[in-house]
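# Observations on chain architecture
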Amino acid sequence: MVSSSPPTSKEEQSSIEKWTEGDPARRAKWWYSTFHTVTAMIGAGVLSLPYAMAYLGWGPGTMVLALSWCMTLNTMWQMIQLHECVPGTRFDRYIDLGRHAFGPKLGPWIVLPQQLIVQVGCDIVYMVTGGKCLKKFMEMACETCTPIRQSYWILIFGGIHFLLSQLPNFNSVAGVSLAAAVMSLSYSSIAWLGCLGHGRIDNVSYAYKHTSTADYMFRVFNALGQISFAFAGHAVVLEIQATIPSTPEKPSKIPMWKGAIGAYFINAICYFPVALVGYWAFGQDVDDNVLMALKRPGWLIASANLMVVVHVIGSYQVYAMPVFAMLENMMIKRLNFPPGIALRLVTRTAYVAFTLFAGVTFPFFGDLLGFFGGFGFAPTSYFLPCIMWLIIKKPKRYSTNWFINWASIIIGMFIMVASTIGGFRNIVTDASTYRFYT
């Protein structure tokens, strides 16, 4: 009789579990959550906020920005509270919480596509941003150098991630993430201080942009997506909290919320000045990346562009880490791929190559922000946490908490539908006049 293949040994099973769990030690401090959240949240989207203001105007633009800040702070708090909503269990990933809220079959179908859209979409946008800012930096730092086409700069930026992607987990990229968080605060400050020093351009206009009614409507929709893109971080908040130790006396939600408050404070001092001062300086003529409109002092603007590059290097890795874990888990469990360096090299290199190809092919910064902001960020940051809160916590009907959650769900769904339509339409429109790979 032919014997079947021997069962997996305990040592092999332990090795697989250790590999797929990533960092079971949970030794992160509260400030880790601050700079990881800042790195995940304050990204390239901050530079497009003045452009969003140009379509929304002073009143509606400021209101949408303030409302988004408040709504996403509330949903961040909900995610942190739900991390250990079942005694003795920690929902270390968004999909785990989704399974608990919606059921083991429906949960992954609701949560996983949205989370992947956020993480992969962010990484594609960061490929474009990193390449553009690297190009701008070199042009300002070396005016006599021969210009290199933008596609090549995106390829150079992507090459960095083929190396960094081999770092194993969140704690291993803590140094990169901390540097990225410092850079985000620095270049945001340079952006609004540079606009303030630049002053208002001649004949500045705060009137709505002159275009057809249909085009303007789609651009407004896209602007909503750009603002929602700026309030990211929820897609990886549970993964960040999973690195923090937890005891009955001091559950992880206490240090995590402390870190999140710090992150949102930094968020406010970055976002509001950049959006308002950038729009004040350039009005309706502002660029979709406000740094591109600033030219003096040259050394400072060049430094800011280099800071953006450093920041999006860290942001890329923060969003990519959960995707790496999911891909490796799938390769091990479904394809029986042995855990090890070969697995990491194959999966992570393939992922970086995919995001690099997408970034080189569709380098439409503002349009990508709007599309991914609506399609992925609005659900994960604005209303999915509210739905899960209503299902798990069951607040009293018609209570203040109940009304706040339902208002967030309605507003978030409108932003999702409107900005997805607007962003997709603008990508199609801009692609029709764009020469690919030039």
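Just so it is clear, the structure is predicted and the values come from calculations on it, not from any experiment.

### Considerations on the environment of Gly45
Topologically, Gly45 is positioned in the loop between α2 (30-41) and α3 (49-56). Judged by relative accessible area, which is 3%, Gly45 ranks as buried. Residues Gly45 and Tyr126, 81 residues apart in the sequence, show an inter-C-alpha distance of 9.8 Å.

### Remarks on unusual backbone geometry
Its identity is not glycine, yet Lys394 carries a phi of approximately 50 degrees, on the positive side. The residue Lys394 is located in the loop between α15 (365-393) and α16 (400-431) in this model. Classification of Lys394 by relative accessible area gives exposed; the value is 62%. Although it is not a glycine, Tyr398 sits at a positive phi angle of roughly 70 degrees. In this structure, Tyr398 sits in the loop between α15 and α16. The exposed category is assigned to Tyr398, whose relative accessible area is 57%.

### Regarding the UniProt feature "transmembrane region" (unreviewed entry) in the chain
Following the UniProt record, the feature "transmembrane region" (unreviewed entry) maps to residues 55-73, 150-167, 173-196, 261-282, 302-324, 345-365, 371-391 and 403-424 here. Taken end to end, residues 302-324 comprises 100% helix and 0% strand; its first and last C-alpha atoms sit 33 Å apart.

### A short note on α3
Owing to its 3.6 residues per turn, the α-helix brings residues three or four apart onto one side. Counting buried positions along α3 yields eight of eight residues, so the element is predominantly enclosed. Gly57 sits one or two residues past α3 and shows a positive phi near 90 degrees.

### A word on the pattern of salt bridges
This model, assessed by the stated rule, comprises four salt bridges. Arg93 serves as the salt-bridge partner of Asp96, at 3.3 Å between the closest nitrogen and oxygen. Ionic pairing is found between Lys135 and Glu139, a salt bridge with its closest N-O pair at 2.6 Å. Separated by four residues within a single helix, Lys135 and Glu139 lie in helix α6 (residues 106-141), roughly one turn from each other. Where salt bridges share partners, they join Arg93, Asp96 and Arg99 into one cluster.

Procedures and definitions
Residues numbered from 1 in each chain as written. Predicted model: local features only at pLDDT ≥ 70, side-chain atom pairs only at ≥ 80, totals over all residues. Heavy atoms only, no water. Helix = DSSP H or I, 4+ residues; strand = E, 2+ residues; numbered from the N terminus. Buried < 20%, exposed > 50% of the residue type's maximum accessible area, 1.4 Å probe, protein only. UniProt positions renumbered as here; feature names shortened; annotations may be inferred. Salt bridge = Lys/Arg side-chain N within 4 Å of Asp/Glu carboxyl O.

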